[in-house]
Amino acid sequence: MKSTLLREITPLTQSDCFTLFSRVKSEFDFPLHYHEEFELNFIQNAKNARRVIGDHIEEIDELELVLVGSNLQHAWFTHSCKSNEIREITIQFHKDLFDEKLLRRNQLSFIRTMLEKSLRGILFSKETTQLLAPRIIELNQKQGFDSVLELMSILHDLSISRNMRILSDATFNNTEQYTYNSRRIEKTLEYMNHNFDKPITLNEVARLANMSDAAFSRFFKQRTGNTFIDSLTEIRLGHASRMLIDTTQSIAEIAYHCGFNNISNFNRIFKKKKSCTPKDFRESFSGTRIFI
């Protein structure tokens, strides 16, 4: 079992509600990782594979459905699984898909509680998984607002289901997780997300926050856990990942469109951050990926 812990930069942008990735494969080959987005993972025909969620490790059955909270380390490993047709559907959605004020409403109290519990990982019962499997499998057939409503409906049904099991004894949120609670940070991140394809300097974003370069640099690191440069790089890599999946543009074109000054620099940073080359990343997406 691989022990490397990878911070995954997902291709989900701020304009998306969620992404769904469906594929059939013969093995699990993604390392132990974490990301800010919530993840609902449906797995079929993978009996005796091994699941790692936080500090919880166990072999899985033929069918399972797991909700992984924001920044919780997780992975599935082939282990003793002999199946050549493992079916996996991964749904990732932003941690702010449900606004904090919305979650305080009575009708969403069950979803709020479920999302809180998912920070330790939730395994849903076999009965619940069997009941919702057809809807999860067919979710990629829906479009636009209908697909968002269906995802919310699925999450609601999961939140009121019985016999869900909390997996991790402790929340494995690492030091990368921070609550911004700052209009200045939100404003600068919004600016970076809208202008990632252009040169952006520390001085530029510091002026947006009405702070000196040095003060803003310290403030940004304290509130986000990342330096300004690292955050800008991750935003650019997220958009590049999206283009590698969604377009047929060359890797050099994608690098240029995402604000990288040359292809060598892009390839080096991409491999360092995602543990594979842009070419390997593109080739690995042999399943169906949709963005809503």
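Residues numbered from 1 in each chain as written. Predicted model: local features only at pLDDT ≥ 70, side-chain atom pairs only at ≥ 80, totals over all residues. Heavy atoms only, no water.

For the protein, an unreviewed UniProt entry supplies the name Transcriptional regulator and the organism Niastella populi.

Peer 1: Can you help me understand the overall build of the protein in this one?
Peer 2: On a plain count of helices and strands, the protein comes out with 11 helices and 12 strands. Over its C-alpha atoms the protein spans a radius of gyration of 19 Å, differing by no more than 12% from the 19 Å that the globule rule assigns to 292 residues. A principal-axis box enclosing the C-alpha atoms of the protein has dimensions of 55 × 45 × 35 Å. Taking all 292 residues of the protein together, the buried fraction comes to 49%. About 14800 Å² of surface is accessible on the protein, with carbon and sulfur atoms providing 48% of the total. For the protein, the centre of its 39 positive side-chain charges and the centre of its 37 negative side-chain charges are spaced 4 Å apart. (Helix = DSSP H or I, 4+ residues; strand = E, 2+ residues; numbered from the N terminus. Rg over C-alpha atoms; globule rule 2.2 N^0.38 Å. Buried < 20%, exposed > 50% of the residue type's maximum accessible area, 1.4 Å probe, protein only. Areas by Shrake-Rupley, 256 points an atom, 1.4 Å probe, with all protein chains shown as cover. Lys, Arg positive; Asp, Glu negative; His and termini not counted. Charge placed at Lys NZ, Arg CZ, Asp CG, Glu CD.)

Peer 1: Would you explain the sheet that holds strand β12 (residues 288-291) in this entry?
Peer 2: The pairing of strands in a sheet happens through backbone hydrogen bonds and is either parallel or antiparallel. Strand order in this open sheet of 7 strands is β11-β10-β7-β4-β9-β2-β12, and the pairing throughout is antiparallel. For this open sheet the edge positions go to β11 (165-166) and β12, each flanked by a neighbour on one side alone. One ladder, built from 8 bridges, connects strand β2 (residues 18-25) with strand β9 (residues 86-93); its direction is antiparallel. If you follow lysine 25 over to β9, its bridge partner there is isoleucine 86. In the packing of helix α4 (residues 144-159) onto the sheet, contacts are made with β2, β4 (38-44), β7 (63-68) and β9, and the angle to β2 comes to roughly 75 degrees. (Pairing = 2+ DSSP bridges. Contact = heavy atoms within 4.5 Å. Axes fitted to C-alpha atoms, helices over the stretch in contact; angles between N-to-C directions.)

Peer 1: How should I be thinking about helix α3 (residues 126-138) in this particular structure?
Peer 2: For α3, which comprises 13 residues, the first-to-last C-alpha distance of 19 Å matches the rise-based estimate of 18 Å (1.5 Å per residue) to within 8%. At leucine 132, α3 shows its strongest bend, of approximately 45 degrees, with the proline proline 134 following within four residues. For α3, the full list of buried residues reads Thr128, Thr129, Leu132, Ala133 and Ile136. The inward-facing, buried residues of α3 abut β2, β4, β7, β9 and α4. (Expected span 1.5 Å × (residues − 1). Bend = angle between axes of the 7 residues up to and from the residue.)

Peer 1: What exactly am I supposed to notice about the nonpolar core here?
Peer 2: In terms of nonpolar packing, the biggest core is built from 33 residues, with Met192 and Phe266 touching the most fellow members. Listing elements by their share of this core, those giving two or more residues are α5 (183-194), α6 (202-208), α7 (213-224), α8 (228-246), α9 (251-257) and α10 (263-274). If near-sequence neighbours (up to four positions away) are discounted, methionine 192 is found in contact with Ile200, Val205, Phe220, Phe228, Ser231, Leu232 and Ile235. Leu97, Phe98, Leu115 and Ile290 belong to the second largest nonpolar core, which has 31 residues in total. (Core = buried A, V, L, I, M, F, W, Y, C linked by side-chain atoms within 4.5 Å.)

Peer 1: Help me understand the pattern of salt bridges, please; the structure alone is not making it clear to me.
Peer 2: Note on pairing: side chains with opposite charge can pair once their charged atoms come close. Per the stated rule, a full pass over the model turns up 13 salt bridges. Arginine 242 is paired through a salt bridge with aspartate 16; the nearest N and O atoms lie 2.5 Å apart. Taken together, the residues arginine 242 in helix α8 and aspartate 16 in the loop between β1 (6-7) and β2 connect sequence positions 226 residues apart. Judged on exposure class, the residue arginine 242 and its partner aspartate 16 are both buried. Each member of the salt-bridge network shares a partner with another, and the members are Arg51, Glu58, Glu64 and Arg165. (Salt bridge = Lys/Arg side-chain N within 4 Å of Asp/Glu carboxyl O.)

Peer 1: Where do I start with the domain arrangement of the protein in this structure?
Peer 2: Often, the extent of an interface is quoted as the loss of accessible area on bringing the components together. Domain assignment breaks the protein into domain 1 (6-166) and domain 2 (183-285). Placing a centre on the C-alpha atoms of domain 1 and another on those of domain 2 gives a separation of 26 Å. Counting from both sides, the interface comprises 9 residues of domain 1 and, opposite them, 13 residues of domain 2. For domain 1, the biggest contributors to the area lost against domain 2 are Arg7, Ile9 and Pro11; these three give 56% of the whole. Summed over the shared surface of domain 1 and domain 2, the number is 2 salt bridges. (Domains from an automatic or database assignment. Buried area = accessible area lost by both parts, 1.4 Å probe.)

Peer 1: So what exactly am I meant to see when it comes to the packing of aromatic side chains here?
Peer 2: What describes a pair of aromatic rings is the distance from one ring centre to the other and the angle between the planes of the rings. Counting across every chain of the model gives 5 aromatic pairs. Measuring from centroid to centroid gives 5.0 Å for phenylalanine 260 and phenylalanine 266, while their planes differ by 55 degrees, and the two rings are tilted. The pair formed by phenylalanine 260 and phenylalanine 266 is uniform in burial state, with each residue classed as buried. Here the aromatic residues Phe260, Phe266, Phe270 and Phe281 are joined through ring pairs into a cluster of three or more. Across the ring face of phenylalanine 291, the terminal group of arginine 242 is positioned such that the distance to the ring centre comes to 3.6 Å. (Phe/Tyr/Trp six-rings, centres within 6.5 Å; stacked < 30°, edge-to-face > 60°. Lys NZ or Arg CZ within 6 Å of the ring centre and 35° of its normal.)

Peer 1: Please explain unusual backbone geometry as it appears in this structure.
Peer 2: Of all residues except glycine, most have a negative phi; of all peptide bonds, most are trans. For asparagine 45, which is not a glycine, the phi torsion comes out positive at approximately 65 degrees. With respect to the helices and strands, the residue asparagine 45 is situated in the loop between β4 and β5 (50-53). Asparagine 45 gets classed as partly exposed once you look at its relative accessible area, which sits at 33%.

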